[in-house]
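# Tertiary structure, described
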Amino acid sequence: MVKSPSSRMQGGNGLFYPIIGFASCFAFVYMSFGDLWISYDGETTLSFVERNGTHFMVDGRPFYFNGWNSYWMMDHAVDESTRPRIGAMLQAGAKMGLTVCRTWAFSDGGYNALQISPGRFDEKVFRALDYVIAEARQNGIRLILSLVNNLQAYGGKAQYVKWAWEEGVGLSSSNDSFFYDPSIRHYFKTYVKTVLTRRNTYTGIQYRDDPTIFAWELINEPRCITDASGDTLQDWIEEMSTFIKLIDNKHLLTVGLEGFYGPKNPKRSTVNPEFWAADLGSDFVHNSKISTVDFASVHIYPDQWSHNQDFGYQLKFVSKWMLSHIEDGDKELKKPVMFTEFGLSTKNKGFDPSQRDKFYEVILEIIYKSAKRKKSGAGTLVWQFWVEGMEEFNDDFGIVPWKRPSTYKLFTEQSCRLARIQGVLPSQKEHLKKLCSQRW
Ligand SMILES: *[C@@H]1O[C@H](CO)[C@@H](O)[C@H](O)[C@H]1NC(C)=O
Ligand SMILES: *[C@@H]1O[C@H](CO)[C@@H](O)[C@H](O)[C@H]1NC(C)=O
């Protein structure tokens with residue numbers, strides 16, 4: 001969804017925001033011990049996530065997961081005053097038995113930019129990304145790192161087009177020229193290569209060699225409406241995924257699709273939320289089938305995609321949408337299918353928090369059943385979690401999970417029941433013992 005923090009420029013004035021409760025003890029520890037607090041050797045050893053046909057594998061066993069999105073991590077790791085939020089969130093996730101977090105590994109132009117201009121990076125912000133990865137490793141959380149935004153938040157493809165225009169090499173002012181302009185493709189490749197070959201200043205490990213990274217995501221929610229046939233986007237995905245595999249063949253790769261079916265897929269287009277969804281220049285099956293794409297990704301936003309539908313209708317849509325994509329994964333793609341974002345907006349007419357619980361429950365249940373039957377539905381990443389004291393970065397979808405016991409219970413029970421099917425990762429052991437003991 002639109003992940004534009006409401007008051008982005010204020011984000012840097014973190015010093016002036018009160019950091020309360022939970023986060024404050026972390027802040028204290030950091031101020032007292034600084035970097036000594038973190039010891040990155042030994043202890044947590046993670047292995048690479050692999051794929052065998054329609055499921056992921058960790059340490060030779062099938063891996064189905066329960067996870068979340070916190071897009072804001074790198075941004076908040078730049079400033080010392082807000083940096084403790086990263087550890088607080090990752091540790092809270094680990095305590096819930098969660099194993100995967102998706103976050104932004106991009107910020108193009110603008111405030112706290114990682115890439116200041118094409119190929120120019122801010123070392124301070126790169127260190128912030130290093131920090132996020134090192135903290136994730138420390139907490140046994142694997143990261144899905146997204147490399148650019150289709151939307152405007154944090155620069156996105158519009159920023160690349162603007163750069164090309166400013167440097168006098170741009171072919172077009174269309175934001176979709178991000179996908180077809182050779183100069184912009186070159187910009188993006190330079191960016192990607194720099195990130196993948198970055199050596200983490202905390203751990204000493206190059207990103208491309210770091211098993212903390214579950215996978216790379218090419219682009220968040222790609223749409224190319226100027227070519228509804230889908231050929232332009234398809235060509236871009238082929239080129240960029242091949243390029244990434246040349247630099248890094250250890251990590252898995254996904255596109256970052258919302259999951260809409262395009263015009264080449266008339267049989268499936270009735271599953272789309274509405275007619276417009278077929279005309280966005282993307283196609284779930286066609287795009288995900290590319291051999292250099294290891295798994296498929298899908299988002300779930302029934303309230304944003306079809307208007308004037310009641311909640312009962314939305315829940316039915318969710319089931320149909322998920323089961324259709326899981327079936328594609330099993331039969332057509334023979335790859336895992338990951339539900340990388342799902343959310344329900346607080347701005348909906350008649351919104352009630354209990355609706356969210358119901359919505360989450362339907363989604364988690366489908367993945368549980370998929371895991372039980374070894375189907376391609378591989379896991380879920382809720383949009384989005386955050387910690388106390390950062391209200392100004394919330395969008396209409398965010399929650400502090402431990403603030404609402406019924407929601408907290410839904411997610412922790414999912415961790416427990418997935419663990420009962422597939423066993424426990426070493427990094428989860430202690431937390432799950434506490435979490436699931438009553439029923440183990
Ligand atoms: C991969 O999956 C196939 C079919 O499910 C199974 O027979 C094979 O043993 C698996 N390979 C590994 C390395 O687990
Ligand atoms: C490109 O995207 C930006 C940001 O969303 C927008 O302001 C601009 O008008 C778009 N350019 C064109 C040519 O549509």
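Here the residue index of a chain counts from 1 through its sequence in written order. Each chain is given a letter, starting from A, and each ligand a number, starting from 1, according to the order in which they appear as written. In keeping with the model being predicted, local features are shown solely for residues with a pLDDT of at least 70 and side-chain atom pairs are shown and tallied solely at 80 or more, while totals for entire chains, interfaces and linings include all residues. The basis for every side-chain value is the complete set of non-hydrogen atoms in the structure, without hydrogens or water.

## Comments concerning the sheet that holds strand β1 (residues 50–52)
Here is the rule: DSSP calls a pair of strands paired once it identifies at least 2 bridges connecting them. What counts as a helix is a DSSP run of H or I of at least four residues, what counts as a strand is a run of E of at least two, and both are numbered from the N terminus. Each axis is a line fitted through C-alpha atoms, taken for helices only over the stretch in contact, and angles between the N-to-C directions span 0 to 180 degrees.
Strand order in the open sheet formed by 3 strands is β1-β2-β3, with antiparallel pairing between adjacent strands. The two strands at the open ends of the sheet, each matched to only one other strand, are β1 and β3 (61–63). Ignoring strand direction, the axes of neighbouring strands in this sheet form an average angle of 55°. Bridge count between strand β2 (residues 55–58) and β3: 3 bridges; the pairing is antiparallel. The residue of β3 that forms the bridge with F56 is F63.

## Thoughts on the confidence of the model for the chain
Close inspection of predicted coordinates is inappropriate for parts of the model with low pLDDT. This is how it is decided: What pLDDT reports is the predictor's confidence in each residue, on a scale of 0 through 100. Residue contacts are counted whenever heavy atoms from the two residues lie within 4.5 Å of one another.
Chain-level statistics for the chain give a pLDDT mean of 90 and a share of 89% at 70 or above. Here residues 2–42 is a poorly scored stretch, pLDDT under 50, and it has 60 contacts once near neighbours within four places are set aside; other chains count.

## A few points about the packing of helix α7 (residues 182–196) against helix α8 (residues 231–247)
Heads up, the condition is: For this classification, under 35 degrees means roughly parallel, over 145 means roughly antiparallel, 65 to 115 means roughly perpendicular, and everything else is oblique. Rotating anticlockwise by less than a right angle from the far helix to the near helix defines a left-handed crossing, while the corresponding clockwise rotation defines a right-handed one. Residue polarity is assigned by list, with Asp, Glu, Lys and Arg as charged and Ala, Val, Leu, Ile, Met, Phe, Trp, Tyr, Cys and Pro as nonpolar; anything else, Gly included, falls into the polar class.
Running from N to C, α7 and α8 cross one another at 30°; their axes reach a closest spacing of 11 Å. When the axes of α7 and α8 are compared, the pair comes out roughly parallel. Handedness of the crossing formed by α7 with α8: right-handed. Where α7 abuts α8, its residues R185, F188, K189, V192, K193 and L196 lie against T232, D235, W236, E239, M240, F243, I244 and I247. Residues that form the contact of α7 with α8 fall into these classes: 8 nonpolar, 1 polar and 5 charged.

## A few points about the state of the cysteines
Threshold: Throughout, disulfides are identified as pairs of cysteine sulfur atoms within 2.5 Å of each other. Per-residue accessibility, obtained with a 1.4 Å probe over protein chains only, is compared with the maximum for each type, and a residue is labelled buried under 20%, exposed over 50%, and partly exposed between these values.
Per the counting criterion, the structure on display carries 1 disulfide. A sulfur-sulfur separation of 2.0 Å characterises the disulfide bridge that pairs C416 with C436. Taking the sign of the S-S torsion, about -85° here, the bridge from C416 to C436 comes out left-handed. Note that C416 is positioned in helix α13 (residues 405–422) and C436 in helix α14 (residues 429–436), a separation of 20 residues in sequence. A single burial state applies to C416 and to C436, both of which are buried.

## Quick notes on the pattern of salt bridges
A side chain with one charge may pair with a side chain of the opposite charge, provided their charged atoms come close. We count it as follows: Salt bridges are defined as contacts in which a side-chain nitrogen from Lys or Arg sits within 4 Å of a carboxyl oxygen from Asp or Glu.
Applying the stated criterion across every chain yields a total of 25 salt bridges. In this structure, the salt-bridge partner of D176 is K157, at a minimum N-O distance of 2.8 Å. In this pair, D176 is assigned in the loop between α5 (156–166) and α6 (177–180) and K157 in helix α5, connecting sequence segments 19 residues apart. The two residues D176 and K157 agree in class, both being buried. The residue E413 makes a salt bridge to K409 at a minimum N-O spacing of 3.9 Å. Highlighted residues: E413 and K409, both in helix α13, separated by 4 residues, approximately one helical turn. Exposure remark for E413: the relative accessible area of 30% places this residue in the partly exposed category. One salt-bridge network, held together by shared partners, links E123, R127, D130 and R198.

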